[in-house]
Amino acid sequence: MNRTQRATLGGKLSAVLVAAGSSVGLGNIWRFPYVAGNNGGGAFLAIYILCVLVLGLPLMIAEFTVGRASHRNAVGAYRALDNKWSFLGYNGVLAAFLILGFYFVVSGWTAEYMVHSVTAELAQYTTAEEYAGMFERFIRNPWRPLLYTSVFVLATHFVIALGVQKGIERSAKVLMPLLFIILIALAIHSLLMPSGAEGLKFFLLPDFSKVTAATVLTALGQAFFSLSIGIGTMVTYASYFKPETNLRHTALNVTILDTLVAVLAGIMIFPAVFSAGIEPSSGPSLVFITLPGIFNGMPLSMVWSSVFFLLLVVAALTSTISLHEVITVYLHEEWHLSRRGAAWTTTGGTLALAALASLSLGILDGWRICGLNLFDSLDYVTANILLPVDGFFTCIFVGWRLDPKVLEAEITNQGRLNFRIRRIFAVLLRYLCPAVLLLVFLDNLGVF
Ligand code: PFF
């Protein structure tokens, strides 16, 4: 496949919106607030931002470099630059497949909750126990989550089938501004609630006495997942960037937008949680159990909860699109399937995995892999093994193995831009990032 046959993204804004569409997802709105709540609020936020800037940003620039230097899918990209490193691309395609296995399931839940909000079914309960009971019944039900997961998979397929420009680029241009408008409206509404200031204080004031080594590792894992790095997504998207796209500015803008959404999600959720007198550390169930109860006590509850779950649907969709594209373009370019055939193969494969993952929370709960059900295993294997391994080797590859001329050419757009932060970038990519990633990886395996 040569460069001219490949699709390219429109302008500067498209590159940022498309990559931010991948980064901004359930990780920001569903995962970030409860992880921050469990790890000391503001102190966690400060460490998280440090991880994003010092480790996430250089790695995103490195992945952009690999993608645009080769103009190929994740596997083809590493192969074109150095055949021995194509395992990194396979790791990315595999990770995208496994992540979609559970991400599609949670995305399906957000779609179901949006429908329940619109039909006012969510408003019929009052206590937290009732909401917890409803959630448990729902995720254990053999067919309802499957139905919504399938709808979500097909929606993703539809965008992918339209192609890079008409599908991915256009949807990002509509969905990302929509997401920001909804998020800002909900955050302002939350701040105006009676205990708004208290919730905000909990979220933004750092309390470093709550910080342990585990907090730092959690922040790092969250940063990588949230930025969509260590998977091949950014390599794939950058392969569609134009020669004029400034890789450093794009990466900086994406990290700023992604962090802004996580912060706004915290600003939206914590004041509401405090106003309802609920423990801020209620865990993964925060948005499916705690929040519906909070919405229910508010005037116009149906409207707020419908808008909130629409926000989650939009955020999830732009991320599932990016994961689907990693596999689709790999099958298209490496296996020479037509783009349509590749998209259907990806859709069929991921739907089958997601169906099994969904059922593993109910009737297939007995199937255990090292003690975990399939849903939890997919989450565990990707977050704790595939992502850090990919991140580590990407640093080694771009920092030590890749021809420095290729790196220089991509970062400076063939000499047209200056590269003043060359030294800092090299130190971060060659030493700091791999060292920290190695520590995280070993810690996750229980070595310390
Ligand atoms: N970054 C997405 C989120 O925060 O929800 C999740 C994700 C998307 C991870 C794409 C990895 C990826 F390649």
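Residues numbered from 1 in each chain as written. Predicted model: local features only at pLDDT ≥ 70, side-chain atom pairs only at ≥ 80, totals over all residues. Heavy atoms only, no water.

### Some details on the overall build of the chain
Just so we agree on the cut-off: Segments assigned H or I by DSSP are reported as helices when at least four residues long, segments assigned E as strands when at least two residues long, and all are numbered from the N terminus. As defined in this context, the radius of gyration uses C-alpha atoms, and a globule is described by 2.2 Å times the residue total to the power 0.38. Working definition: with a 1.4 Å probe on protein chains only, accessible area under 20% of the residue-type maximum means buried, over 50% means exposed, and in between means partly exposed.
The number of helices and strands found in the chain is 18 helices and zero strands. Expected size for 448 residues packed as a compact globule is a radius of gyration near 22 Å; at 21 Å, the chain falls within 12% of this value. In terms of its C-alpha atoms, the chain occupies a principal-axis envelope of roughly 60 × 50 × 45 Å. When the 448 residues of the chain are sorted by exposure, 58% land in the buried category.

### Some details on the pattern of salt bridges
Opposite charge on two side chains permits pairing when their charged atoms draw close. Defined as follows: In what follows, salt bridge is the name for a side-chain nitrogen of Lys or Arg lying within 4 Å of a carboxyl oxygen of Asp or Glu.
Taken as a whole and judged by the stated rule, the model has eight salt bridges. In this structure, the salt-bridge partner of arginine 79 is glutamate 334, at a minimum N-O distance of 2.6 Å. Of this pair, arginine 79 sits in helix H4 (residues 74–81) while glutamate 334 sits in helix H14 (residues 301–334), placing them 255 residues apart in sequence. The exposure class of glutamate 334 is partly exposed, given its relative accessible area of 23%. Where arginine 368 meets aspartate 365, a salt bridge forms, and the shortest distance between an N and an O atom there is 2.6 Å. When its relative accessible area of 45% is taken as the criterion, arginine 368 is described as partly exposed.

### A short note on the packing of aromatic side chains
So the rule is basically this: Only Phe, Tyr and Trp rings are paired, with Trp represented by its six-membered ring, and only when their centres lie within 6.5 Å; those with planes under 30 degrees apart are stacked, over 60 edge-to-face, the remainder tilted. Both a distance and an angle decide whether a charge sits over a ring: NZ of Lys or CZ of Arg must be within 6 Å of the ring centre and within 35 degrees of the ring normal.
According to the stated counting rule, one finds 30 aromatic pairs in the structure shown. In this structure, arginine 144 packs its charged tip against the face of tryptophan 143, placed 5.9 Å from the ring centre. In this arrangement the basic side chain of arginine 430 is found over the ring face of tryptophan 400, its NZ or CZ atom lying 4.0 Å from the centre.

### Digging into unusual backbone geometry
Its identity as a non-glycine residue notwithstanding, serine 228 has a phi of 60 degrees, on the positive side. One can find serine 228 in the loop between helix H10 (213–227) and helix H11 (233–238). Residue serine 228 is classed as buried on the basis of its relative accessible area of 8%. The backbone of glutamine 414 sits at a positive phi, close to 55 degrees, despite the residue not being glycine. Mapped onto the secondary structure, glutamine 414 falls in the loop between helix H17 (404–411) and helix H18 (422–444).

### Points about the confidence of the model for the chain
Short version of the rule: Each residue carries a pLDDT score, the predictor's own confidence in it, on a scale running from 0 to 100.
In this model, the chain carries an average pLDDT of 89, and 98% of its residues clear a pLDDT of 70 or more. Between the elements of the chain, mean pLDDT differs from a low of 79, seen in helix H13 (residues 290–296), to a high of 97, seen in helix H15 (residues 339–359).

### Points about the side chain of glutamate 63
What counts is decided by this rule: The contact rule is simple, with two residues in contact once any of their heavy atoms fall within 4.5 Å.
Inspection of the secondary structure puts glutamate 63 in helix H3 (residues 42–70). Overall, glutamate 63 belongs to the buried group, its relative accessible area being 1%. The contact partners of glutamate 63, leaving out residues within four places of it in the chain, are Ser228, Ile229, Gly230, Ile231, Gly232, Met234, Val235, Ala238, Asp390 and Thr394.

### Things to note about the site of the ligand
Operational definition: When at least one non-hydrogen atom of a residue lies within 4 Å of a molecule or strand, that residue is treated as near it. We define a polar contact as two N or O atoms separated by no more than 3.5 Å, with the added condition that, inside protein, one atom must be a possible hydrogen donor and the other a possible acceptor, whereas residues neighbouring each other in sequence contribute only through side-chain atom pairs. For the accessible areas, the method is Shrake-Rupley and the probe is 1.4 Å, while residue cover comes only from the protein chains on display. For this classification, Asp, Glu, Lys and Arg are treated as charged, while Ala, Val, Leu, Ile, Met, Phe, Trp, Tyr, Cys and Pro are nonpolar and the rest, including Gly, are polar.
What surrounds the ligand is a group of 15 residues, the closest being Ser23, Gly27, Tyr103, Phe225 and Thr233. Here a nitrogen atom of the ligand and a backbone polar atom of serine 22 are 3.3 Å apart. Here asparagine 28 contributes a side-chain N or O atom positioned 3.2 Å from an oxygen atom of the ligand. For the ligand, whose free accessible area comes to 340 Å², the fraction covered by protein is 100%. Mapped onto the shell around the ligand, the elements with two or more residues apiece are helix H1 (12–23), helix H2 (26–38), H10 and H14. Of the residues assigned to the shell around the ligand, the class counts are five nonpolar, 10 polar and no charged.

### Notes on helix H9 (residues 196–204)
What counts here: Here the arc refers to the set of directions running from the helix axis out to each C-beta atom.
Among the residues of H9, those classed as buried are Gly196, Gly199, Phe202 and Phe203. Mapping the buried residues of H9 onto a view down its axis gives an arc of 130 degrees, with all of them on the same face. The exposed set on the far side of H9, more than 90 degrees from its buried face, consists of Ala197 and Lys201. The inward-facing, buried residues of H9 abut H2, H3, helix H8 (164–191) and helix H12 (247–275).

### A closer look at the nonpolar core
Test applied: To define a nonpolar core, start from buried Ala, Val, Leu, Ile, Met, Phe, Trp, Tyr and Cys residues and group those joined through side-chain atoms within 4.5 Å.
Grouped together as the largest cluster of nonpolar side chains are 152 residues, with contacts concentrated most on Trp109, Met268 and Phe308. At 17 residues, the largest contribution of residues to this core is made by H14. In this structure, tryptophan 109 is in contact with Phe135, Phe138, Ile139, Pro145, Phe288, Leu361 and Phe375, ignoring residues within four places of it in sequence.

### Description of a nonpolar patch on the surface
Worth spelling out the cut-off: Surface patches are drawn from residues lacking salt bridges whose relative accessible area is over 30%; two like charges belong together within 9 Å, two nonpolar side chains (Val, Leu, Ile, Met, Phe, Trp, Tyr) within 5 Å.
A contiguous nonpolar patch, built from Ile49, Leu53, Leu252 and Ile256 and spanning about 320 Å² of accessible area, is present on the exposed surface. As for its position among the elements, isoleucine 256 is in helix H12.

### What to know about the state of the cysteines
Going by this rule: Cysteine sulfur atoms are paired as a disulfide whenever they come within 2.5 Å of each other.
Summed over the entire model, instances satisfying the criterion amount to zero disulfides. Unpaired in this structure, cysteine 51 has its nearest cysteine sulfur neighbour in cysteine 433, at a distance of 10 Å. With no disulfide of its own, cysteine 395 has cysteine 433 as its nearest cysteine by sulfur position, at a separation of 4.5 Å.

### Topic: the packing of helix H5 (residues 86–118) against H14
Each packed pair of helices is defined by two parameters, the angle between the axes and the distance between the axes. The test is simple: In this analysis an axis means a line fitted to C-alpha atoms, helices contributing only their contacting stretch, and an angle means the value between N-to-C directions, from 0 to 180 degrees. Here the word oblique covers every angle except those under 35 degrees (roughly parallel), over 145 (roughly antiparallel) and from 65 to 115 (roughly perpendicular). What makes a crossing left-handed is the near helix being turned counterclockwise from the far one by less than a right angle; a clockwise turn instead makes it right-handed.
Where H5 meets H14, the axes come as close as 8 Å, and the angle between the chain directions of the two elements is 160 degrees. Relative to H14, the element H5 is oriented roughly antiparallel. Crossing of H5 against H14: the hand is left-handed. In terms of residue class, the contact of H5 with H14 is made up of 22 nonpolar, nine polar and no charged.

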